[in-house]
Amino acid sequence: MARSKVSIIGGGPAGSVAALTLHKLGHDVTVYERSRFPRYRIGESLLPGTMSILQRLGLQEKLDAQNYVKKPSATFLWGQDQAPWTFSFAAPKVAPWVFDHAVQVDRRQFDQLLLEEARNRGVTVLEEANVTEVDISRPDGVTLTVRHNGETLHPESDFVIDAGGANSPLARQLGVRRYDEFYKNFAIWSYFTMKDPFEGDLKGTTYSITFEDGWVWMIPVKDDVYSVGLVVDRDKAGEVRELGADEFYRSTLAKCAGAVEILGDAPQVDEVRIVHDWSYEAESFSADRYFLCGDAACFTDPLFSQGVHLASQSAVCAAASIDRIARDEAESQAVHAWYNRTYRSAYEEYHEFLASFYTYASFTEPDSEFWRKRRITESDDERLSRRTWFEKLAGGGADGNGVTVPNFHDRAATMITIGKHQRKGLSDEFSEEELNGARVRWISDLTKRLNSITRLRWSGDKALLKPYYRVDRTTFRLEPREILANEEGLDMAHYPLDEETRQVFQELAEEEFGYRDLIKRLRGAGHQEIGTQLVLRLMEAGLLSGYDKNGDRVIVQGRLHFGGVGVEYEV
Ligand SMILES: Cc1cc2nc3c(=O)[nH]c(=O)nc-3n(C[C@H](O)[C@H](O)[C@H](O)COP(=O)(O)OP(=O)(O)OC[C@H]3O[C@@H](n4cnc5c(N)ncnc54)[C@H](O)[C@@H]3O)c2cc1C
């Protein structure tokens, strides 16, 4: 079976990107979308990684024609009395698919563009087609129950992708969703008539501002439409019932001085909307004949605007997985293992990043209950043991492989230091170049620390290669690759590596040497550019540790890693 029949539930970004990718790979795809497009969706601020995927799927011209607001960065007024902090997407355009910006979009229009493009290329799209049941009991295929035009259909296919978002019929049917107690939040938002208040390097940025009750997003969506949302504790639901959504929104927004200052007397021009169901993840993201993509699989707090990117990335991965299994059924288990791991680790990286930022802010908002409740502390045993991702993160702390709780807080602090503005207020006077000093200081400190490593220790006796996969950038096919591991099962999945590189690390396992020596040997193995990055990733994975000439452990504070911003190669 090379050409498969695939049913996709939902025509949001996950569904459309999966359809576009599967169609490119030569499969026969039908999308069942419950509503009729255009339909409203929150999630307006994108990441460069999504631009990259869409460019490689051939949508660049279509996107350019929309004249979206260009988003160069995300700016945070993060914590009381702190200077603003900017995460800039600036990056050299080394390839057409590397982007130094993202865009802000009206999701009604953006989602419709993607779905229409899939339809125009030959994907069958049924709107007002509500999938009510997914029968995955057959080993060789799937049957849906779909309500469409007053009729009940039972289409059969070889595979199903559930991209139905928070309402995913399959995740609900399987009962595999776990809700995360840490982010007991909800969002309430509306729109204002207002031009982007800033010119220059802040123009188009997404602002996030903390205040006593939570945080606020401010997004220049288009022309003179400004999206302004509040993320607050779920305990406030009682107040919403008491005051009504409109009054709750107005009175809570008024508490955020930073937002009030930017909004001035701009008129609110739309209704107030609320979303509850917060962070969750499915136990399993795929098996046998089904894949969960986008919000159907997992969702976390939107602080870093990652939702559409995770949706698009998981959609590409699921499509490439189906294509691989269709060509060789015997690989099914290995491919599912890869899909589950890739998507879950992308999601967990965001989770880690968020927890770090929430913890950081909690120290700058000492009197706020919202922030205190979200601080991860050493005494927070129950939370730490419940969160497997955090256990993994904190677990290696004792011998320095992982991250301790205090240094967890420091990681957000490191990121913030690199992007900190030189003046307290937000103003057009800000320029990207202002950040160069801190960047240079950080890189030179990192280099100094790495260079002080005179002895690197490989964890275990053996450097091994183990099978893994990678989605090819341009063909979108899932290709077998190998990653570095040890005999105890630790591995590093971010870079596929080859035998020559493995040998370098086997030499290290047998006879310790220093950082500079390693970089030289890696260069010899063809890794001119990513040597340092490899070392940092291997340290994060617990495979490498470094010691200085006095025998003291050298702790290297890398940036927090998270996908979608073009720092490293991603799907
Ligand atoms: C408050 C808030 C703010 C956010 N801000 C951002 C942001 O700034 N940037 C960002 O990238 N993300 C943001 N997100 C997240 C983003 O909205 C989602 O991650 C994204 O929409 C996920 O895409 P998706 O395709 O998985 O799901 P969706 O966009 O929800 O699409 C799912 C589709 O499936 C259809 N469907 C559902 N059930 C069925 C069924 N049974 N049969 C047929 N069709 C069905 C739905 O009608 C829908 O069209 C935010 C989310 C929230 C809650």
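Residues numbered from 1 in each chain as written. Predicted model: local features only at pLDDT ≥ 70, side-chain atom pairs only at ≥ 80, totals over all residues. Heavy atoms only, no water.

Draft legend 1. The site of the ligand, seen in detail. In the region of the ligand, 36 residues are neighbours, and E33, I42, S45, D295 and V308 sit closest. A distance of 2.6 Å separates an oxygen atom of the ligand from a polar side-chain atom of E33. Within the backbone of V131, one N or O atom sits 3.0 Å away from a nitrogen atom of the ligand. When the ligand is considered free in solution it has 1000 Å² of accessible area, and contact with the protein chains removes 96% of it. When residues of the shell around the ligand are traced back to their parent elements, those giving at least two are α1 (13-24), β8 (129-135) and α9 (307-327). (Near = heavy atom within 4 Å. Polar contact = N/O pair within 3.5 Å; in protein donor to acceptor, adjacent residues only side chain to side chain. Areas by Shrake-Rupley, 256 points an atom, 1.4 Å probe, with all protein chains shown as cover. Helix = DSSP H or I, 4+ residues; strand = E, 2+ residues; numbered from the N terminus.)

Draft legend 2. Layout of helix α2 (residues 48-56). Judged by how many residues are buried, α2 sits mostly within the fold: 9 of 9 residues are covered. Along α2, the residues classified as buried are P48, G49, T50, M51, S52, I53, L54, Q55 and R56. Where α2 is buried, its residues touch α1, α3 (60-64), β6 (102-104), α4 (107-120) and α9. (Buried < 20%, exposed > 50% of the residue type's maximum accessible area, 1.4 Å probe, protein only. Contact = heavy atoms within 4.5 Å.)

Draft legend 3. Representation of the sheet that holds strand β26 (residues 491-492). With respect to topology, 3 strands assemble into an open sheet ordered β24-β25-β26, the strand pairing being antiparallel. Each end of this open sheet is capped by a strand with a single partner; those strands are β24 (464-471) and β26. Two strands pair when backbone bridges link them, and strand β25 (residues 478-485) and β26 are joined in this way by 2 bridges, in the antiparallel orientation. Each bridged residue has a counterpart across the sheet, and for L484 the counterpart in β26 is M492. (Pairing = 2+ DSSP bridges.)

Draft legend 4. Local environment of the nonpolar core. Membership of the largest hydrophobic core comes to 118 residues, with the highest contact counts inside it found for I8, W78, I161 and F357. With residues up to four places along the chain from it excluded, the contact list for W78 reads S208, T210, W215, L303, F357, Y360, A361, T364, W371 and I416. (Core = buried A, V, L, I, M, F, W, Y, C linked by side-chain atoms within 4.5 Å.)

Draft legend 5. The packing of aromatic side chains, seen in detail. Inspection of the entire model under this criterion finds 28 aromatic pairs. Where F76 meets W85, the ring centres are 4.8 Å apart and the plane angle is 40°; that geometry is what we call tilted. These aromatic residues form a ring-pair network of at least three members: F76, W78, W85, F87, F89, F304, F353, F357, Y358, F370 and W371. Lying over the aromatic face of F159, R289 brings its terminal NZ or CZ to 4.6 Å of the ring centre. (Phe/Tyr/Trp six-rings, centres within 6.5 Å; stacked < 30°, edge-to-face > 60°. Lys NZ or Arg CZ within 6 Å of the ring centre and 35° of its normal.)

Draft legend 6. Region of interest: the packing of α2 against α9. Running from N to C, α2 and α9 point in directions that differ by 35°, and their axes come no closer than 8 Å. Here α2 and α9 pass one another in a crossing that is left-handed. When α2 is examined against α9, the residues G49, T50 and I53 are found in contact with a partner set consisting of V308, H309, S312, Q313 and V316. Here the contact of α2 with α9 is built from residues that sort into 3 nonpolar, 5 polar and no charged. (Axes fitted to C-alpha atoms, helices over the stretch in contact; angles between N-to-C directions. Left-handed = near helix turned anticlockwise from the far one by under 90°. Nonpolar A, V, L, I, M, F, W, Y, C, P; charged D, E, K, R; others polar.)

Draft legend 7. View of the pairing of strand β2 (residues 28-32). Most of β2 is tucked away, with 4 of its 5 residues classed as buried. Note: strand β1 (residues 5-9) against β2, 5 bridges, orientation parallel. Residue pairing across strands places K5 opposite D28, the latter belonging to β2. The handedness of the β1 to β2 crossover, carried by α1, is right-handed. (Right-handed = clockwise from strand over helix to strand, strands pointing away.)

Draft legend 8. Just the pattern of salt bridges, in detail. Overall, the coordinates contain 40 salt bridges when judged by the stated rule. A salt bridge links E127 to R119, with the nearest nitrogen and oxygen atoms 2.9 Å apart. Note on E127: relative accessible area 6%, which makes it buried. Because the salt bridges share partners, they merge into one network encompassing R36, E116, R119, E127 and E128. (Salt bridge = Lys/Arg side-chain N within 4 Å of Asp/Glu carboxyl O.)

Draft legend 9. Region of interest: the sheet that holds strand β22 (residues 298-299). Read across the open sheet, the 3 strands follow the order β13-β19-β22; overall the sheet is antiparallel. At either margin of the open sheet sits one strand with a lone partner, and together these are β13 (177-179) and β22. Here strand β19 (residues 280-282) pairs with β22 via 2 bridges, running antiparallel. If you follow E281 over to β22, its bridge partner there is C298. Packed on one face of the sheet, helix α10 (residues 332-364) meets β13, β19 and β22 and runs near 170° to β19.

Draft legend 10. Spatial organisation of helix α7 (residues 245-253). Within α7 the residues assigned to the buried category are F248, Y249, T252 and L253. Along the axis of α7, the buried residues cluster in a sector spanning 115°; they form a single face. Against β14 (185-193), β15 (206-211), β16 (214-222), β17 (225-233), α6 (237-243) and α8 (257-263) lie the buried residues of α7. (Arc of directions from axis to C-beta.)

Draft legend 11. A look at the pairing of strand β9 (residues 142-148). The buried count for β9 comes to 6 of 7 residues, which makes it a mostly enclosed element. Here β8 folds back onto β9 in antiparallel fashion, the turn holding 6 residues. Where β9 meets strand β11 (residues 156-157), 2 bridges bridge the pair, whose relative direction is antiparallel. Opposite T143, over in β11, you have E156 as the bridge partner. Note that β9 and strand β10 (residues 151-153) share 3 bridges and pair antiparallel. Along β10, the bridge assignment pairs V146 with L153. In sequence, β9 turns back onto β10 through a hairpin of 2 residues, with N149 there showing a positive phi of about 50°.

No statement about biological role is implied by the geometric values presented.
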